[in-house]
Amino acid sequence: MDQIAASAGVNKALLYYHFDSKENLYLAALEMSASRTRDMAMAVFLRDCSAGERVLRTALNHFDRIVAQTEFQSLMQQEMVRLHKGESGAMEVLVKRVFAPMIAMYQSMVREGIATGELIEVDWLQIHLASLGTNVFYFLSSHVWRLLEEFDPFAPNVLEERRRSIVKFLGLAIFRDREHGAVLGTKVLADTPMPEVRVHQSPFGVKNEPKK
């Protein structure tokens, strides 16, 4: 609390006046960070393009958020650990205010794509897991990839190739017309440059130290 007050240029008593406790201040910070993530995702869901293109853009947006918004990933990792221990008081609030609206929009988007014949007919959740779960697994396994392949999984050129591969794979895997999916993938990558890579940090609260 002393460090936060000093960074904000206020005294500690003022923090307690506004937030009552450290726990409430933490929840406010977590919710603010999560809300930014929700708003970015919603902007993609509401984009004026086909459902299939929005699915590709959502996967790429998710990948780029992990690369660029390391604070949120670290906070969420802490909350997941606390949730497994039965100690998280924040996750229920986040699910209701942030993740539930995002999942509802995603589900509607995929079902729209299936109904129009653009996407393959499969459980919407499987497309969700194939699109976003791949991103999470790659970053969570970053230290293992270093041992297996002897490359830096957070090097900008490696991340650039990974995001290209994700979009290319989905374009071929979830579209009824693979040629159409490939064309959309090329379009999405062309107008979505990769954000600045924060190589001094690793998502999910794990230190990212280059292999010596």
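Residues numbered from 1 in each chain as written. Predicted model: local features only at pLDDT ≥ 70, side-chain atom pairs only at ≥ 80, totals over all residues. Heavy atoms only, no water.

Asker: For this particular structure, what's the right way to read the nonpolar core?
Answerer: One broad trend across soluble globular proteins is that nonpolar side chains are buried collectively. Formed by 44 residues in total, the largest nonpolar core has its most connected members in Val55, Tyr106, Val110, Phe139 and Leu159. In this view, Leu159 contacts Phe63, Val67, Tyr138, Phe139, Pro153, Phe154, Met194 and Val197; residues no more than four positions away in its chain are not counted. (Core = buried A, V, L, I, M, F, W, Y, C linked by side-chain atoms within 4.5 Å. Buried < 20%, exposed > 50% of the residue type's maximum accessible area, 1.4 Å probe, protein only. Contact = heavy atoms within 4.5 Å.)

Asker: What is the right way to look at the side chain of Arg54 in this model?
Answerer: One can find Arg54 in helix α4 (residues 51–68). On the basis of relative accessible area, Arg54 is assigned to the buried category, the value being 9%. Every residue in contact with Arg54, bar those within four places of it in the chain, is listed here: Val44, Phe45, Arg47, Cys49, Met109 and Glu112. (Helix = DSSP H or I, 4+ residues; strand = E, 2+ residues; numbered from the N terminus.)

Asker: Even after reading the chapter, I still don't get α4, so can you show me in this structure?
Answerer: Each α-helix winds once per 3.6 residues, and so residues spaced three or four apart point in a common direction. Taking 1.5 Å per residue, 18 residues should reach 26 Å; α4 reaches 25 Å between its end C-alpha atoms and fits that length. Extensive coverage of α4 is indicated by the burial of 17 of its 18 residues. (Expected span 1.5 Å × (residues − 1).)

Asker: What's the story with the pattern of salt bridges in this structure? I'm lost.
Answerer: For side chains bearing opposite charge, pairing can occur when the charged atoms are close. Counted by the stated rule, this structure contains twelve salt bridges. Of the charged contacts in the structure, one is a salt bridge between Glu112 and Arg54, with a shortest N-O distance of 3.0 Å. Here Glu112, found in helix α6 (residues 91–115), pairs with Arg54, found in helix α4; they are 58 residues apart in sequence, far enough to count as distant. Residue Glu112 is classed as partly exposed on the basis of its relative accessible area of 35%. A salt bridge links Glu121 to Arg176, with the nearest nitrogen and oxygen atoms 3.7 Å apart. One end of the pair, Glu121, is in the loop between α6 and α7 (124–140); the other, Arg176, is in the loop between α9 (156–173) and α10 (178–190), with 55 residues separating them in the sequence. If you follow the salt bridges from partner to partner, you end up with Glu53, Arg57, Lys187 and Asp191 in one network. (Salt bridge = Lys/Arg side-chain N within 4 Å of Asp/Glu carboxyl O.)

Asker: Is there a simple way to explain the packing of α4 against α10 in this structure?
Answerer: Angle between the axes and distance between the axes: these two values describe a pair of packed helices. For the pair α4 and α10, the least separation of the axes is 10 Å and the interaxial angle reads 45 degrees. Relative to α10, the element α4 lies oblique. The interaxial crossing formed by α4 with α10 has right-handed handedness. From α4, Gly52, Glu53, Leu56, Arg57 and Leu60 reach across to α10, where they touch Gly181, Leu184, Gly185, Lys187, Val188 and Leu189. In terms of residue class, the contact of α4 with α10 is made up of five nonpolar, three polar and three charged. (Axes fitted to C-alpha atoms, helices over the stretch in contact; angles between N-to-C directions. Parallel < 35°, antiparallel > 145°, perpendicular 65-115°, else oblique. Left-handed = near helix turned anticlockwise from the far one by under 90°. Nonpolar A, V, L, I, M, F, W, Y, C, P; charged D, E, K, R; others polar.)

Asker: Which parts of the structure should I look at to understand the packing of helix α2 (residues 12–19) against helix α3 (residues 22–45)?
Answerer: Where α2 contacts α3, the two axes come as close as 9 Å, and the packing angle between them is 75 degrees. With respect to their mutual orientation, α2 and α3 come out roughly perpendicular. Each of Leu15, Tyr16 and Phe19 in α2 lies in contact with α3, whose residues at this interface are Lys22, Asn24, Leu25 and Ala28. Of the residues assigned to the contact of α2 with α3, the class counts are five nonpolar, one polar and one charged.

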